[in-house]
Amino acid sequence: MENEDIKILLVDDDPDIVEFVRYNLIREGYQVSIAYNGNEAIKKAKKVIPHLIILDVMMPEMDGIEACQKIRAIPELHHSVIAFLTARNEDYSQVAGFEAGADDYIHKPIKPKILVSKVKSLLRRFNTMTEKPNDVKNTISLQSITIDKEKYTVIFNNNNYILPKKEFELLALLASKPNKVFRREEILTSIWGDDVIVGDRTIDVHIRKIREKMELENIKTIKGVGYKYEE
């Protein structure tokens, strides 16, 4: 995909940051749309269907965390990569962002070369997510669960569920090979990528949420190793 075909939505309430980031992205040939708060971001995202959304955390009207959650609930935007643009480096902030469905962080202050490199890395992730090799099944069907990777839907015990992106991808990974134990390192690499730094707590939180939402007992914890989907 050529740069001029790639759509990026930039969301920040600081006009100076918006202009700085926009200038550097346009210089690389990307199409850049702008929003200045969470509500506007959701409307623009629905209209543009961007490949990448760069989203500030602290904004008026609706913060980035809530906006991210709402964007992740829109089926047409499931494949959009979301990166938070923030100066907040605390662990709790990053965990909250990943739980909301973010893929990565871009930290302020921003340096042009690092920004461009990070954006290219995030867009490679988009390409990976949307690739459809002939040998990859779009539907996982087991005894009690059916997972549709194209529609991002889950049917478990005859109940329908729409999970946030990371929870869905984590469940699909475990269910793709029933009874296989996925090590924590393998889960992190498969779901979050090598260039994203998250801790074991992030995996545990996502597993807990899946279990609670679906009353799912099939995901088993292998202490000190990882998780498996037991069929």
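See above for the structure.
What you see is a predicted model, and the numbers here were worked out from it, not measured in a lab.

Basis of the calculations
Residues numbered from 1 in each chain as written. Predicted model: local features only at pLDDT ≥ 70, side-chain atom pairs only at ≥ 80, totals over all residues. Heavy atoms only, no water. Pairing = 2+ DSSP bridges. Helix = DSSP H or I, 4+ residues; strand = E, 2+ residues; numbered from the N terminus. Axes fitted to C-alpha atoms, helices over the stretch in contact; angles between N-to-C directions. Contact = heavy atoms within 4.5 Å. Phe/Tyr/Trp six-rings, centres within 6.5 Å; stacked < 30°, edge-to-face > 60°. Buried < 20%, exposed > 50% of the residue type's maximum accessible area, 1.4 Å probe, protein only. Core = buried A, V, L, I, M, F, W, Y, C linked by side-chain atoms within 4.5 Å. Salt bridge = Lys/Arg side-chain N within 4 Å of Asp/Glu carboxyl O.

With that settled, consider the sheet that holds strand S3 (residues 52-56). Across the sheet, which stays open at both edges, the 5 strands sit in the order S2-S1-S3-S4-S5 with parallel pairing between neighbours. Each edge of the open sheet is held by one strand with a lone partner, namely strand S2 (31-35) and strand S5 (104-107). Between one strand axis and the next, the sheet turns through 25° on average, direction left out of account. Across 4 bridges, the pairing between strand S4 (residues 81-86) and S5 is parallel. When the sheet's bridge partners are listed, alanine 83 is paired in S5 with aspartate 104. Its contacts with the sheet place helix H1 (residues 15-27) against strand S1 (7-11), S2, S3 and S4, and it is angled at close to 170° to S2. Helix-sheet contacts for helix H3 (residues 64-72) involve S3 and S4, and the interaxial angle to S4 is about 175°.

What follows is about the packing of aromatic side chains. How two aromatic rings sit relative to each other is set out by the distance from centre to centre and by the angle between their planes. According to the stated counting rule, one finds 2 aromatic pairs in the structure shown. Ring centres 5.6 Å apart and planes at 45° place the aromatic pair phenylalanine 84 and tyrosine 105 in the tilted group. Taken as a pair, phenylalanine 84 in strand S4 and tyrosine 105 in strand S5 lie far apart in primary sequence, 21 residues in all. Like phenylalanine 84, the residue tyrosine 105 is buried in the burial classification. Considering the side-chain rings of tyrosine 152 and phenylalanine 168, the 4.5 Å spacing of their centres and the 25° angle between planes classify their relative orientation as stacked. On the criterion of sequence distance, the pair formed by tyrosine 152 in the loop between strand S7 (145-148) and strand S8 (153-156) and phenylalanine 168 in helix H6 (residues 165-176) is long-range, its members being 16 residues apart. As far as burial versus exposure is concerned, tyrosine 152 and phenylalanine 168 are alike and both buried.

Next up on the list: the nonpolar core. Judged by nonpolar contacts, the single largest core of 51 residues is most densely connected at Leu55, Leu171, Ile187 and Met214. At 7 residues, H6 tops the list of elements feeding residues into this core. Setting aside anything within four residues of it in sequence, one finds methionine 214 in contact with Ile145, Val154, Phe156, Tyr161, Leu163 and Leu171.

Right, let's talk about the pattern of salt bridges for a bit. Summed over the entire model, instances satisfying the criterion amount to 15 salt bridges. With its nearest N and O atoms 3.9 Å apart, the salt bridge here joins arginine 22 to glutamate 19. Residue arginine 22 and its partner glutamate 19 are located together in helix H1, separated by 3 residues, close to a single helical turn. In this structure, the salt-bridge partner of lysine 213 is glutamate 167, at a minimum N-O distance of 2.8 Å. Taken together, the positions of lysine 213 in helix H8 (residues 200-214) and glutamate 167 in helix H6 put the pair 46 residues apart, joining distant regions of the chain. Each of Arg72, Asp103, Lys165, Lys166 and Glu169 takes part in salt bridges that share partners, so that together they form one network.

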